[in-house]
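# A look at the structure
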Amino acid sequence: GTGTAFASTAAALTLENDGLKGRLWKTLKIGMVKVQGTLTDKFKAVKEAGFDGIEMNAPGMDVEETKIAIAESGLPVDGTVNSTHWEVRHTNADPAVRSKALESLRSAIRDTHAVGGHSVLLVVGKGADGDEAEIWKRSIDNISLAVPLAAQLGVQIVVENVWNQFLYDHEGDHRQTAAKYVKYIDELNSPWVGMQFDIGNHWKYGSMGGWIRQLGKRVVKLDIKGF
């Protein structure tokens, strides 16, 4: 998704009443920042606009440059988006490609930790790579190999629900539930794996309030946008 992580402006206005003040932070992704100039210039503009943090892309982020931008702007990097997850997939039938996907995820975890972030957003694969049972096992087996590093460095792997034809029926109607996402996250069986739940992405397939209630504590972060 391209929405901002955590809380929308409208939600932020009600945080105090709901007792959530100080528990939700509004951030955005680096690709949404259209300000010209250095990374520090971009970070300063984001902070001035009222955001609490930013998500970078990894691998590919310049760790040293990012550390300087954090120090000069006072804006933290709260996490990253795995930059290769669409092309180099954990569901690919080729073990060599899955090996590259694993190395990319591990690299993203290390880079995220290096700049003080605490999550890596991951699209786990694509339905076109095989039948559901097959790609389910492939991706679970592969992603599981990155979980020890995530635990060691304290960086959560957060799965995004996205239009990748997996864990929901892309041709289905609006009565679908989050049951498959719940089962998938639980199979990874770690407090270091959760979801960055995108409210806009699956609105057409089910009740997003219902999905959030089903996912419960598995939701670590939110992407918030319209549909």
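Residues numbered from 1 in each chain as written. Predicted model: local features only at pLDDT ≥ 70, side-chain atom pairs only at ≥ 80, totals over all residues. Heavy atoms only, no water.

Along the chain, the regular secondary structure elements total eight helices and eight strands. Its C-alpha atoms put the chain at 50 × 40 × 30 Å along the principal axes. In the chain, the share of contacts with a sequence separation of at least 24, taken over all contacts with a separation of at least 6, comes to 74%. Total accessible area on the chain stands at roughly 10600 Å², and carbon and sulfur atoms take up 55% of it. In the chain, 26 side chains carry a positive charge and 28 a negative one; their mean positions are 2 Å apart. (Helix = DSSP H or I, 4+ residues; strand = E, 2+ residues; numbered from the N terminus. Contact = heavy atoms within 4.5 Å. Areas by Shrake-Rupley, 256 points an atom, 1.4 Å probe, with all protein chains shown as cover. Lys, Arg positive; Asp, Glu negative; His and termini not counted. Charge placed at Lys NZ, Arg CZ, Asp CG, Glu CD.)

Turning next to the packing of aromatic side chains. Across all of its chains, the model carries nine aromatic pairs by this definition. Aromatic pair Trp 136 and Tyr 184: ring centres 5.3 Å apart, planes at 70°, arrangement edge-to-face. Linking Trp 136 in helix α5 (residues 132-144) with Tyr 184 in helix α7 (residues 179-188), this pair joins segments that are 48 residues apart in sequence. The same class applies to Trp 136 as to Tyr 184, namely buried. Measuring from ring centre to ring centre gives 6.4 Å for Trp 163 and Phe 227, while their planes differ by 45°; the resulting arrangement is tilted. (Phe/Tyr/Trp six-rings, centres within 6.5 Å; stacked < 30°, edge-to-face > 60°. Buried < 20%, exposed > 50% of the residue type's maximum accessible area, 1.4 Å probe, protein only.)

With that out of the way, let us pick up the nonpolar core. With 52 residues, the main nonpolar core has Phe 43, Ile 54, Leu 105, Ile 109, Ile 143, Ile 157 and Tyr 184 as its most contacted residues. The element best represented in this core is α7, accounting for five residues. (Core = buried A, V, L, I, M, F, W, Y, C linked by side-chain atoms within 4.5 Å.)

This next bit is on a nonpolar patch on the surface. A surface patch of nonpolar side chains, about 400 Å² in accessible area, is lined by Trp 163, Trp 203 and Phe 227. Tracing the backbone through its elements, the reader meets Phe 227 in the segment after β8 (219-224). Exposure remark for Phe 227: the relative accessible area of 58% places this residue in the exposed category. (Patch = residues over 30% accessible without salt bridge, like charges linked within 9 Å, V, L, I, M, F, W, Y side chains within 5 Å. Salt bridge = Lys/Arg side-chain N within 4 Å of Asp/Glu carboxyl O.)

Across the chain, the average pLDDT comes to 93, with 91% of residues at or above 70. Confidence drops under pLDDT 50 across residues 1-9; counting only partners more than four residues distant or on other chains, this segment forms 42 contacts. (pLDDT = per-residue confidence, 0-100.)

A word on unusual backbone geometry. Here the residue pair Ala 58 and Pro 59 is connected by a cis peptide bond, since its omega of 0° sits within 30 degrees of zero. By secondary structure assignment, the location of Pro 59 is in the loop between β3 (53-58) and α3 (63-73). Here the phi dihedral of Leu 167 falls at roughly 75°; this positive angle occurs in a residue that is not glycine. Note on placement: Leu 167 falls in the loop between β6 (156-160) and α7.

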